[in-house]
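Spelled out, the chains give:
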Amino acid sequence: MLWLGLAAWLLQTAANPFPETSASIEAGRRIYVAQCTQCHDAKGKPVVPAEPGATKPADLTRPKDWVHGMSAAAMFETLREGTEEMAGFKGKLRDEEIWRVIIFVRSLWPEDLRRSAPQD
Ligand code: HEC
């Protein structure tokens, strides 16, 4: 248990192991298209839920509006563990795949935010 906790802590505090290159953005995009576009469209905009009253997904191009934080560590936690309204991906995506998706999602942000927000 201690080791698991330590490993989780290391992952959450670690910077993204992948560089922001066009190849890694493309690798992340492929995972995103397979896992996320049911609720966030290909450009990161929310897909309006079919069920009335269902929570509208977040706009991934506006990370300052997110409630759980936009640092890479916060995004990793959001995606791995999920939120009140979005199931986590820990059973579906490996940790490396989550980091790749994060690279893609950052590529949807306005240029100034991409430059100013650290990768860790
Ligand atoms: C079944 C629908 C669904 C899928 C699939 C889904 N999301 Fe979400 N997502 C939501 C909803 C609803 C919210 C808004 C509620 C919330 O923030 O908890 C959200 C919020 C978010 C947020 C913002 C969380 C915050 O801090 O406010 C991020 C980032 C995000 N999603 C990324 C992703 C990524 C990346 C994927 C694919 C790996 C994904 N989502 C797949 C429904 C979904």
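This text follows the structure it describes.
Cut-offs and rules
Residues numbered from 1 in each chain as written. Predicted model: local features only at pLDDT ≥ 70, side-chain atom pairs only at ≥ 80, totals over all residues. Near = placed C-beta within 6 Å. Helix = DSSP H or I, 4+ residues; strand = E, 2+ residues; numbered from the N terminus. Nonpolar A, V, L, I, M, F, W, Y, C, P; charged D, E, K, R; others polar. Axes fitted to C-alpha atoms, helices over the stretch in contact; angles between N-to-C directions. Parallel < 35°, antiparallel > 145°, perpendicular 65-115°, else oblique. Left-handed = near helix turned anticlockwise from the far one by under 90°. Contact = placed C-beta atoms within 7 Å. Buried ≥ 20, exposed ≤ 12 C-beta atoms within 10 Å, placed from the backbone.

K.L.:
I would appreciate a short explanation of the site of the ligand in the present structure.
P.N.:
Around the ligand, 23 residues are found, and the nearest of them are Cys-36, Cys-39, Trp-66, His-68 and Thr-83. Those elements that provide at least two residues to the shell around the ligand are helix 2 (22-35), helix 3 (72-81) and helix 4 (95-107). Counting residues per element, the shell around the ligand draws most heavily on helix 3, which supplies 3 residues. Among the residues forming the shell around the ligand, the class breakdown is 14 nonpolar, 7 polar and 2 charged.

K.L.:
Mind showing me how you'd approach the packing of helix 3 against helix 4 here?
P.N.:
Two quantities define a packed helix pair, namely the angle between the helix axes and the distance between the axes. Where helix 3 contacts helix 4, the two axes come as close as 10 Å, and the packing angle between them is 120°. Considering their axes alone, helix 3 and helix 4 lie oblique with respect to each other. Between helix 3 and helix 4 lies a crossing of right-handed hand. Facing helix 3, whose interface residues are Ala-72, Met-75, Phe-76, Leu-79 and Arg-80, helix 4 presents Ile-98, Val-101, Ile-102 and Val-105. Residues belonging to the contact of helix 3 with helix 4 are distributed by class as follows: 8 nonpolar, no polar and 1 charged.

K.L.:
Honestly, the packing of helix 2 against helix 4 in this entry has me stumped. Any pointers?
P.N.:
For the pair helix 2 and helix 4, the least separation of the axes is 7 Å and the interaxial angle reads 105°. Here helix 2 is positioned roughly perpendicular relative to helix 4, judged by the angle of their axes. Contacts between helix 2 and helix 4 involve Ser-24, Ile-25, Ala-27, Gly-28, Arg-29, Ile-31 and Tyr-32 from the first element and Glu-97, Arg-100, Val-101, Ile-103, Phe-104 and Ser-107 from the second.

K.L.:
Explain the environment of Lys-92 here, please?
P.N.:
Mapped onto the elements of the fold, Lys-92 is located in the loop between helix 3 and helix 4. Residue Lys-92 is classed as exposed on the basis of its C-beta count, with 12 C-beta atoms lying within 10 Å. For Lys-92 and Gln-35, which are 57 residues apart along the polypeptide, the C-alpha to C-alpha distance reads 8.8 Å.

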